[in-house]
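Listed here are the chains, written in short residue letters.
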Amino acid sequence: MHPQLPSLGANSSSTDRRLSALIRHLEGSSSSSSAMESQNQTISASATSAFSDNSVFGHVVRAPEDAILGVTVAYNKDPSPVKLNLGVGAYRTEEGKPLVLTVLQFALICSSRVKEYLPIVGLADFNKLSAKLIFGADSPAIRENRVTTVQCLSGTGSLRVGAEFLAKHYHQRTIYIPQPTWGNHVKIFTLAGLSVKTYSYYDPATRGLNFQGLLEDLGSAPSGAIVLLHACAHNPTGVDPTLQQWEQIRQLMRSKGLLPFFDSAYQGFASGSLDADAQSVRMFVADGGECLAAQSYAKNMGLYGERVGALSIVCKTADVAGRVESQLKLVIRPMYSNPPIHGASIVATILKDRNMFNEWTIELKAMADRIISMRQQLFDALCARGTPGDWSHIVKQIGMFTFTGLNSQQVTFMTKEYHIYLTSDGRISMAGLSSKTVPHLADAIHAAVTRVA
Amino acid sequence: MALRTGISSRILRSSSTFALRSMSSWWRNVEPAAKDPILGVTEAFLADPSPDKVNVGVGAYRDDNGKPVVLECVREAERRIAGNLNMEYLPMGGSVKMVEETLKLAYGENSNLIKDKRIAAVQALSGTGACRLFADFQKRFCPDSQIYIPVPTWANHHNIWRDAQVPQRTFHYYHLESKGLDFASMMDDIKNAPNGSFFLLHACAHNPTGVDPSEEQWREISYQFKVKGHFAFFDMAYQGFASGNPERDAKSIRIFLEDGHLIGCAQSYAKNMGLYGQRVGCLSVVCEDEKQAVAVKSQLQQIARPMYSNPPVHGALIVSTILGDPDLKKLWLKEVKAMADRIIGMRTALRENLEKLGSPLSWEHITNQIGMFCYSGLTPEQVDHLTNHFHIYMTRNGRISLAGVTTGNVGYLANAIHEVSKSA
């Protein structure tokens, strides 16, 4: 269009943009290249008026849709009556509706009314109770005041605050993340200033854990490197190490001084037991070493949109924990000053009250059981259809997600022909299934596997 | 079962040898961070057992009994949404309804920019979150830019742009002698800054000084910004709180918009709706056209996603419930005016008390300044004296939060200020 104009890439200076704007203004509706050229030569950088109608952000291009959240966007647009959303990991009932835990309804009534800002570190009760929940009420680390816990914005916020802290204060700025992992992990750590490497995790051949590869990769990581571990119910694969494997991982990591950073987004959701789902974390804390843990209440308390979570850092001594906490505040203050109160006060209310807590564990187990039942039903349905392949991973994997093993062409096919929405890596959210919709999904998978390479 | 217990206890025993090998903490070298100068004040206040203590530190509104206030419109909104049990994720850009209503406040009910969909806007974590999103966005898309920040400003502004890795420069703002605006120096700084510089402006009720440019001065500033092609980023944390009238408090922004500036704006409901802990706010960026606004919004979401994924729903729901209902909105406007009026009343009372005590100093600035804060002119030493002897808590820059002043304590406060300053 205007060959003489400086190119307006992201690196163009504001001067270039001003010049371009002025040229466009001066040019008017008629233009001849020679007139343009002479104008180019006469315009200098110190224009009398630098004002332009052009935005300084004019070069900003539209970002691609978030891969995961974009699935729901596409689902919402689809008019088909048989459409199924197996994209984002939000729990659904048998009727396909979001579930508000009964215990939440009680808690909402009882919640304390702190009227103003929370402290930077958040609600104190919430923090203490969250630490107990993940580390165990009898954890020596807690008893010895070696744990600092700060309320953050769900799992994402906890990971980000932890990562920013590490980027500022930890001597090693590389974090190893499992291959594959939740899509947002890479962005979180990169933006926090860490460099990201991967370690083997998922074995497509077995649709299980590539344990040897994992040990090899962590074994060759530099001493002190940070390692992201999914505490339970690995997202997106649903593949978790056994307790024995966790013990080996722990020994290897401690021998190399690798720093564990747990992401615990599904405590209680995986097996139905809060304690069982925290075993991996507790194992590491029991050996007296240090670690980080990010907790989310989005799924296990159904508080998704309230953004409730916590970051805990287990330190060697109480003194260190105190100093670490003070530095965490410096990360949080310029990000959002202090965390939102509503969700945290609900959580604290529930965790504090014995009856509500018990009620919660029952509802949590019911959710986990429903998901386990969906796994079984889907597996049975595929077997009944004689769908080629081994589908046992559906019942072996744990938590909200199943890594089906379907490829992106098969996924596209399922969306197009069967109106089934899932992420292109073949991950389905079991929480989005019901007994009614399992047959439809099984048909779709069967068709995809038999008709699409 | 027994076998497993046996194995695990053996494992735990052997693991202690590993623990012994790495005795020291990774965090040995972590220094204790300095206390936040503003929030640290309230901590100290809370720890003080004195019955006379007064907190004029943090800027959270109090009623005339010194109690925090939940606005009636907020209570009503909470009642209405109590039945709503939808806690699903908001979109990354937050509540569309809340953002729509919020833009009307800043840009005007009948704003053409809104009609033409030229504003990229996302829900943010109150004012802090909005500023931080913008700072990160500025860094990403104008990586060579700097931010000009007024002297003084809310301390956290420096932290925000620093953590976003945007280099900072300052511009003159507060005039020490007159305790007003150093307009001439400010204009010089605007003229001398390289063309196309980014400036942080407080839309109204400057924090911490309470000193705002007049309308004429805003017009001159806007004109000079045009000449220089500067970018104006408005932090508007006190709309409604300054004069009592939100439309009036947005005047600076409207002047810039009339002049055609493509501004950025951070809005907060912490103070004017008393939603402090809910963390509700909005970041908006005016664009050339709808297409650009879509692009910019998508990029803002890309910044939010790895920070907190999506913003909290509860506070946004309160805001959209209030602003979406004409009666509730009217009630809110009435309550905001009442808060602003009480503060204006306390300004007058404090000044009169000081003058009655025969203070040799001029206290005009208390009533000239506007909004929640008064830059008293007290030195850090005088502030320490106030705290140590009179149990009066404020930030050491001499900033008094009028919201903490009541008819009950204004006499005590005036007396204390007089005591520490009369021999100045």
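Residues numbered from 1 in each chain as written. Chains lettered and ligands numbered in written order. Predicted model: local features only at pLDDT ≥ 70, side-chain atom pairs only at ≥ 80, totals over all residues. Heavy atoms only, no water.

## Section: the overall build of chain A
Note the cut-off: The numbering of helices and of strands both runs from the N terminus, where a helix is a DSSP run of H or I of at least 4 residues and a strand a run of E of at least 2. Throughout this description, buried means an accessible area under 20% of the type-specific maximum (1.4 Å probe, protein chains only), exposed means over 50%, and partly exposed covers the range between. Throughout, a contact is declared for two residues whenever any of their heavy atoms are within 4.5 Å. Computed with a 1.4 Å probe, the accessible areas rest on the Shrake-Rupley method; for each residue, only the protein chains presented here act as cover.
When its secondary structure is counted, chain A shows 18 helices and 13 strands. Looking at the 453 residues of chain A, the share that counts as buried comes to 60%. Once local pairs closer than 6 in sequence are excluded, the contacts in chain A between residues at least 24 apart make up 76%. Carbon and sulfur atoms make up 54% of the accessible area of chain A, which amounts to about 17,000 Å² in all.

## Digging into the sheet that holds strand E7 (residues 226-230) of chain A
Residues and elements named next belong to chain A. Test applied: In this scheme, strands are said to pair when DSSP sees at least two bridges between them. Under this scheme, a helix contributes an axis fitted over its contacting stretch, all axes are lines through C-alpha atoms, and angles between N-to-C directions fall in the 0 to 180 degree range.
Ordered by their spatial adjacency, seven strands build an open sheet running E2-E10-E9-E8-E7-E3-E4, and the pairing between neighbours is mixed. Each having just a single partner strand, strand E2 (147-152) and strand E4 (195-200) make up the two edges of the open sheet. With direction set aside, neighbouring strand axes in the sheet form an average angle of 25°. Sitting on the sheet, helix H7 (residues 154-169) touches E2, E7, strand E8 (259-264), strand E9 (291-296) and strand E10 (309-314), and the angle it makes with E9 is about 155°.

## Here we look at the pairing of E4 of chain A
Residue and element names in this part refer to chain A. Quick reminder of the rule: Whether a crossover is right-handed depends on one test, that the path from the first strand over the helix to the second runs clockwise when the strands point away from the viewer.
Strand direction decides the pairing type here: strand E3 (residues 174-179) and E4, joined by six bridges, are parallel. Each bridged residue has a counterpart across the sheet, and for Ile 175 the counterpart in E4 is Val 196. Note that the unit made of E3, helix H8 (residues 183-192) and E4 has a crossover that is right-handed.

## Side note on the packing of aromatic side chains
Residues and elements named next belong to chain A. Using the following cut-off: Here a pair means two rings of Phe, Tyr or Trp (six-membered ring of Trp) with centres within 6.5 Å. Their orientation is stacked below 30 degrees between planes, edge-to-face above 60, and tilted elsewhere.
Counted by the stated rule, this structure contains 35 aromatic pairs over all chains. Ring geometry for Tyr 75 versus Tyr 421: centroids 5.6 Å apart, planes at 85°, classification edge-to-face. In this pair, Tyr 75 sits in helix H3 (residues 69-77) while Tyr 421 sits in strand E12 (residues 420-421), placing the two residues 346 residues apart along the sequence. Tyr 421 gets classed as buried once you look at its relative accessible area, which sits at 8%. Judged by centre distance (6.2 Å) and plane angle (55°), the ring pair of Phe 413 and Tyr 418 falls under tilted.

## Topic: the packing of helix H15 (residues 354-385) of chain A against helix H18 (residues 438-451) of chain A
Residue and element names in this part refer to chain A. Our working definition: Orientation labels follow simple angle bins: below 35 degrees gives roughly parallel, above 145 gives roughly antiparallel, 65 to 115 gives roughly perpendicular, and whatever is left gives oblique. Each crossing is labelled by how the near helix is turned from the far one, with a counterclockwise turn of less than a right angle marking it left-handed and a clockwise turn marking it right-handed.
The contact between H15 and H18 brings their axes to 9 Å, and the two run at 50°. Classified by the angle between their axes, H15 and H18 sit oblique to one another. Remark: the crossing between H15 and H18 carries right-handed chirality. Every residue of H18 that contacts H15 at Met 374, Gln 377, Leu 378, Ala 381, Leu 382 and Arg 385 is listed here: Val 438, Pro 439, Leu 441, Ala 442, Asp 443, Ile 445 and His 446.

## A few points about the pattern of salt bridges
Close approach of charged atoms allows side chains with opposite charge to pair. Residues and elements named next belong to chain B. Short version of the rule: Should a side-chain nitrogen of Lys or Arg be within 4 Å of a carboxyl oxygen of Asp or Glu, the pair is scored as a salt bridge.
Taken as a whole and assessed by the stated rule, the structure comprises 31 salt bridges over all chains. The shortest N-O distance in the salt bridge between Asp 64 and Arg 342 comes to 3.4 Å. Within this pair, whereas Asp 64 is found in the loop between strand E1 (54-55) and helix H3 (72-82), its partner Arg 342 is found in helix H14 (residues 326-356), the two being separated by 278 residues in sequence. Exposure remark for Asp 64: the relative accessible area of 28% places this residue in the partly exposed category.

## A short note on the domain arrangement of chain B
Residues and elements named next belong to chain B. Applicable threshold: Note that the domain bounds reflect an automated or database-derived domain assignment. Note on definitions: buried area is the accessible-area loss of two parts on being combined, 1.4 Å probe, summed for both. Any N or O atom pair separated by 3.5 Å or less is treated as a polar contact, with the protein-specific requirement of one donor-capable and one acceptor-capable atom, and with residues adjacent in sequence counted only for side-chain atom pairs. Following the grouping adopted for this structure description, the nonpolar residues are Ala, Val, Leu, Ile, Met, Phe, Trp, Tyr, Cys and Pro, the charged ones are Asp, Glu, Lys and Arg, and the polar ones are all others, Gly among them.
As far as domains go, chain B holds domain 1 (39-69 + 341-421) and domain 2 (90-324). Taking only C-alpha atoms, the centre of domain 1 and the centre of domain 2 are 28 Å apart. Approximately 1,400 Å² of surface area, both sides summed, lies buried where domain 1 meets domain 2, with 65% of it carried by carbon and sulfur atoms. It is Ile 370, Phe 373 and Tyr 375 that lose the most area in domain 1 upon contact with domain 2, and together they represent 40% of the buried surface on that side. Here domain 1 and domain 2 share zero salt bridges between them. Counting the contacts that link domain 1 with domain 2 gives five residue pairs in polar contact (both at pLDDT 80 or more). With three residues, strand E11 (residues 373-375) is the largest single contributor of residues to the side of domain 1 that touches domain 2. Class assignment of the residues belonging to the side of domain 1 that touches domain 2 gives a composition of nine nonpolar, seven polar and one charged.

## Brief notes about unusual backbone geometry
The step from Asn 235 of chain A to Pro 236 of chain A runs through a cis peptide bond, and the omega angle for that step is 20°. Note that the residue after Asn 207 of chain B, namely Pro 208 of chain B, is joined by a cis bond; omega there is 20°. Within the secondary structure layout, Pro 208 of chain B lies in the loop between strand E7 (198-202) and helix H9 (215-228). One non-glycine residue, Ser 126 of chain B, adopts positive backbone phi at about 60°. Inspection of the secondary structure puts Ser 126 of chain B in helix H6 (residues 126-141). Note on Ser 126 of chain B: relative accessible area 3%, which makes it buried. For Gln 165 of chain B, which is not glycine, the phi dihedral falls at a positive 60°. With respect to the helices and strands, Gln 165 of chain B occurs in the loop between helix H7 (155-163) and strand E4 (168-172). Residue Gln 165 of chain B is classed as exposed on the basis of its relative accessible area, which comes to 59%.

## Section: the interface of chain A and chain B
Opposite the 94 residues of chain A that make contact, chain B presents 89 residues. Carbon and sulfur atoms make up 59% of the surface buried where chain A meets chain B, a total of about 7,700 Å² over both sides. Counting across the interface, chain A meets chain B through three salt bridges. With its nearest N and O atoms 3.6 Å apart, the salt bridge here joins Lys 168 of chain A to Asp 163 of chain B. Applying the counting rule to chain A against chain B returns 18 residue pairs in polar contact (both at pLDDT 80 or more). Per-element tally for the side of chain A that touches chain B: the top contributor is helix H13 (residues 318-336) of chain A, with 12 residues. Tallied by class, residues from the side of chain A that touches chain B come to 46 nonpolar, 24 polar and 24 charged.

## Details of the sheet that holds strand E9 (residues 264-268) of chain B
All names here are of chain B. One open sheet accounts for seven strands, arranged E2-E10-E9-E8-E7-E3-E4; its pairing is mixed. The outermost strands of the open sheet, each flanked by one partner alone, are strand E2 (119-124) and E4. Averaged over all pairs of adjacent strands, the angle between strand axes in this sheet comes to 25°, irrespective of strand direction. The pairing of E7 with strand E8 (residues 231-236) spans five bridges and is parallel. Considered in E8, the bridge of Phe 199 is made with Ala 232. Sheet strands touched by helix H12 (residues 290-308): E2 and strand E10 (281-286). Its angle to E2, the strand with the most contacts, is close to 20°.

## Observations concerning the state of the cysteines
Rules: Count a disulfide wherever a pair of cysteine sulfur atoms falls within 2.5 Å.
Counted under the stated rule, the structure contains zero disulfides over all chains. In this structure Cys 232 of chain A is not part of a disulfide, and its nearest cysteine sulfur, from Cys 291 of chain A, lies 15 Å away.

## A few points about the domain arrangement of chain A
All names here are of chain A. We note that the domain assignment places domain 1 (69-99 + 369-451) and domain 2 (102-357) within chain A. Computed from C-alpha coordinates alone, the two centres of domain 1 and domain 2 are separated by 28 Å. Taken residue by residue, the interface counts 19 residues in domain 1 and 16 residues in domain 2. Summed over both partners, the interface of domain 1 with domain 2 comes to about 1,400 Å²; 61% of that surface belongs to carbon and sulfur atoms. On the domain 1 side of the contact with domain 2, Ile 398, Phe 401 and Phe 403 bury the most area, a combined 38% of that side's loss. Across the contact surface, domain 1 and domain 2 share six residue pairs in polar contact (both at pLDDT 80 or more). At three residues, strand E11 (residues 401-403) tops the list of elements feeding residues into the side of domain 1 that touches domain 2.

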